[in-house]
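Observations on chain architecture
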Amino acid sequence: MPKTILEASRIDYRYHPHAPLVLNKLDMYVEAGSITAILGPNGAGKSTLLDLCLGWKPPGAGSISIKGEHISQFSRRQMGRLMSLVPQNERVRFDYTVLEYLLLGRAPYLGQLEMPETRDVDIARKALEQVGLKELQYRSASRLSGGEHQLMMIARALVQEPEILLLDEPTSQLDPGNRHRIVRLLLKLNGSGMTILFTTHDPNMAAEIATHMLLLQRGTVMKSGTKESALTGPNLSRLYGIKMEVLEVAGKTIVFNGEEN
Amino acid sequence: MHEILFRQRVRLLLLTFVLLTVVLLAVLAGRYPRAGFISPWAAARDPLAMSLILSLRLPRVIAAVLLGAGLAAAGTVFQMLFANPLVEPGFLGVSQGAAFGASLSIVAFSSSLWAIQLSAGICALTGLALSYLIARHFKFGGWVLRLILAGIAVSALFAAGVGLIKYTADPLSELPDITFWMLGGLWGVDWSQVTSILPITVAGLIILFGYRWRLNLLSMDDRTAFSLGLAPFRERIFLLLTATVVTSAVISISGIVGWVGLIVPHISRRVLSSDGRTALPGSMVIGAIYIVVCDTAARTLLEGEIPLGVLTSLIGAGLFIVLLTRRQIRKGKYHAENYT
């Protein structure tokens, strides 16, 4: 019996009291140890759903629970240890070194007036090693390439030692080489037991690593479940409004934009 | 501890040593018995020199240290909390608010020190709150632009208020006090003034110092800070209030001394690092050095005093232009596109 680590039940969300619903009576179950991909067209509410899971935005109705407990039961610091976010576009505002930037991830383990110590620096260095940026630790964090920046953001999320890793479109601006690096890294992290939830516009990325899928359309769940049950040609065609096909080639699942066939 | 931080700590220690040296020299500098420095041995033998040093120069130099450290620390905190190196308390209605409060007290209530301090403090906080509230209701521009525009508007309102008060002030007794306030300076600072601001300034600086690493977290955007396990709004308000209280405490005895809170944090980030762990204490020490040097120059260079505020603005604005136009600096430490 798989264990649900993160659960959203019948959540509504709107930006203003009079705005239309962005999320509408949405249900989501994330199994512990799974990689769940949230797919959907622009404006479907993918990033908003991540914000709600994080607790950053409160749902208008319904509830979100982690490990069976309502999200409001956790203190801010506890939340910071349970979950970390890799945001889509984060600018480095001051001229930090990569190592200084990663140390910020230790915040949930440090009191208000505490500062990172040797142990925390070791954890940050280990995270850098994991993402393969060890030699960049003293470089300026604001002058990395797009791929290095994204790897650094993942490393900072790892420094939080979370149980659940949230990523908002982790590969949207990366070249194939860096995309591959991130994919491999996420699989490795999942292999060590981390639950991963990410949004993406790239069905092939989802096909490559996800174990579960949530297809989101205009704030409601069109289909959710295991990859095998959710990632089908008809489902994707309905989701994006164009003809799409899912093929098995040499043991890999590949999504084609069907109109080209 | 990692190597880079170690190197920065060594530099910080050196800066502290420079500050102590500067303080010592400032106490020995003056125009008695003649313009220049007096040796400690000569001073010990001369009762008048000794009394000058103990009752005039020493409190003034301590006030300069507090003023410089306070303004520069508050500037660093504002720049980090707003994630923008172009803000300082003076830009957000704090300084003009304090000036208005001080003038109001001088004309309407009392010229006593505590009344001026209280009134200046309340109006400084009001200025900050007004800037913030108005910025939230502006309908265009990014958050920082709105905040700065709101700050300009609020400062102008307070400046108009100060103008009105000056117009009604008694030109013989009240007007000189107000003018002193607007120019800024430390002449006539005595022990009672120093001791009146010492506890609150030192307490505020200790609090800010305690948060020096956390300032990095609070310079992140709201959602990131939240995801790192913070309650960013609450902590920002607390630190803004602390920085504003420190600012209004030190300028209650000095009047408006401009540009320190803007320029010193830049220098500190360049000399040390952007990490608040060294940028903040570095700002305090460099700010103190800057004001002690400027104030000593202000009281010894000419026979009459040069207003300190005039001197710091002159140097500060000049440095600011240099910092923002020199190519290697723009490409090096600061990334203009990150601050829009």
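Residues numbered from 1 in each chain as written. Chains lettered and ligands numbered in written order. Predicted model: local features only at pLDDT ≥ 70, side-chain atom pairs only at ≥ 80, totals over all residues.

1. Observations regarding the packing of helix α4 (residues 94-109) of chain B against helix α7 (residues 175-183) of chain B
Residues and elements named next belong to chain B. Axis separation between α4 and α7 bottoms out at 10 Å; the angle between their running directions is 170°. Of the possible angle classes, the one that applies to α4 and α7 is roughly antiparallel. At the point where α4 passes α7, the crossing takes the right-handed sense. Facing A99, A102, S103 and I106 of α4, the residues of α7 in contact are D177, I178, W181 and M182. (Axes fitted to C-alpha atoms, helices over the stretch in contact; angles between N-to-C directions. Helix = DSSP H or I, 4+ residues; strand = E, 2+ residues; numbered from the N terminus. Parallel < 35°, antiparallel > 145°, perpendicular 65-115°, else oblique. Left-handed = near helix turned anticlockwise from the far one by under 90°. Contact = placed C-beta atoms within 7 Å.)

2. Thoughts on the pairing of strand β8 (residues 195-200) of chain A
Residue and element names in this part refer to chain A. For β8, the tally of buried residues reaches six of six residues, placing the bulk of the element in the interior. Alternating residues of β8 divide into T195, L197 and T199 and I196, F198 and T200, and every residue in both groups is buried. Sheet topology places strand β3 (residues 35-39) next to β8; five bridges connect them, and they run parallel. What sits directly across from I38, in β8, is T199. Regarding the hand of the β-α-β motif, the stretch spanning strand β7 (residues 164-168), helix α6 (residues 176-191) and β8 is right-handed. (Buried ≥ 20, exposed ≤ 12 C-beta atoms within 10 Å, placed from the backbone. Pairing = 2+ DSSP bridges. Right-handed = clockwise from strand over helix to strand, strands pointing away.)

3. Some details on the nonpolar core
Judged by nonpolar contacts, the single largest core of 173 residues is most densely connected at L102(A), A155(A), L166(A) and A73(B). The dominant element in this core, judged by the number of residues it contributes, is helix α3 (residues 47-81) of chain B, at 15 residues. Not counting the four nearest positions on each side in its chain, A73(B) is found in contact with L205(B), L208(B), V246(B), L280(B), S283(B), M284(B) and G287(B). (Core = buried A, V, L, I, M, F, W, Y, C linked by C-beta atoms within 7 Å.)

4. Observations regarding the confidence of the model for chain B
When pLDDT is averaged across chain B, the result is 88; 95% of the residues are at 70 or more. Our summary of model confidence lists the complex with pTM equal to 0.90 and ipTM equal to 0.93. (pLDDT = per-residue confidence, 0-100.)

5. Brief notes about the sheet that holds strand β2 (residues 23-31) of chain A
All names here are of chain A. Taking strand neighbours across the sheet as the criterion, the four strands line up as β2-β1-β4-β5 in an open arrangement whose pairing is antiparallel. With one partner strand each, in any of the chains shown, β2 and β5 (69-70) form the two edges of the open sheet. Along the sheet, helix α1 (residues 46-54) makes contact with β1 (4-13), β2 and β4 (61-66), crossing β1 at roughly 115°.

6. As for the sheet that holds strand β9 (residues 212-217) of chain A
Residue and element names in this part refer to chain A. The six strands lie next to each other as β6-β7-β8-β3-β9-β10, forming an open sheet whose pairing is mixed. Looking at which strands have only one partner, the edges of the open sheet turn out to be β6 (83-86) and β10 (220-226). On average, adjacent strands in this sheet sit at an angle of 15° to one another, irrespective of strand direction. As paired strands, β3 and β9 are joined by four bridges and run parallel to one another. What sits directly across from L39, in β9, is L215. This element, α1, spans β3, β6, β7, β8 and β9 of the sheet and lies at about 150° to β7. Its contacts with the sheet put α6 on β3, β7 and β8, and the angle it makes with β8 is roughly 150°.

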